[in-house]
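Inside the fold
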Amino acid sequence: MPMDYKNAEGYSDPTPYLALKSRFRPLVYICSAYSGDVGGNTEKARRYSRFAVDEGAIPIAPHLLFPQFLDEQRERELAMQMDLVLLKHCLEIWVFGRVTDGMSREIGLAERRNMKIRYFNEDLEELE
């Protein structure tokens, strides 16, 4: 039986139906190390992002995006400012692994904004 996409006035209006039908996925900020072992940390951030998708979230991992066009050595502070702007638009922050200086700035902002903060180890196990 096909679903009727008409609104109360009889006009075709599929948008509300589709919005209610789709599952809510919160934006979550992926907070993990980048500098140091850049290659290894990038792979970890990819894995953490995939984990977030599998858990029903939309991951925001700026350290996978910004290095595509910003230089880590010369533009680190600019990248951090941009990171924090994106963080403000997320519902939660998910912290993975050992906390670095850059990560502590992100966590500090999340605390000041009373955001939900979830901590995970590198094996994707949530910590209490």
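Above: the structure in question.
Now for a look at the structure at hand. (Residues numbered from 1 in each chain as written. Predicted model: local features only at pLDDT ≥ 70, side-chain atom pairs only at ≥ 80, totals over all residues. Heavy atoms only, no water.)

1. Description of the pairing of strand S1 (residues 27-31)
The element S1 is largely enclosed, with a buried count of 4 among its 5 residues. Sheet topology note: the S1/strand S2 (residues 58-60) ladder contains 3 bridges and is parallel. When the sheet's bridge partners are listed, Leu 27 is paired in S2 with Ile 58. As a crossover connection, the stretch from S1 through helix H2 (residues 38-54) into S2 is right-handed. Bridge analysis of S1 against strand S3 (residues 92-96) gives 4 bridges, and the strand direction is parallel. Paired with Ile 30 across the strands is Trp 94, a residue of S3. (Buried < 20%, exposed > 50% of the residue type's maximum accessible area, 1.4 Å probe, protein only. Helix = DSSP H or I, 4+ residues; strand = E, 2+ residues; numbered from the N terminus. Pairing = 2+ DSSP bridges. Right-handed = clockwise from strand over helix to strand, strands pointing away.)

2. So, the packing of aromatic side chains
Overall, the coordinates contain 7 aromatic pairs when judged by the stated rule. Measuring from centroid to centroid gives 5.8 Å for Phe 66 and Phe 69, while their planes differ by 75°, and the two rings are edge-to-face. Relative accessible area serves as the criterion here: at 52%, Phe 69 is assigned to the exposed category. Where Phe 96 meets Phe 120, the ring centres are 4.9 Å apart and the plane angle is 15°; that geometry is what we call stacked. (Phe/Tyr/Trp six-rings, centres within 6.5 Å; stacked < 30°, edge-to-face > 60°.)

Everything listed here is a matter of coordinates, which is why it stays silent on function.
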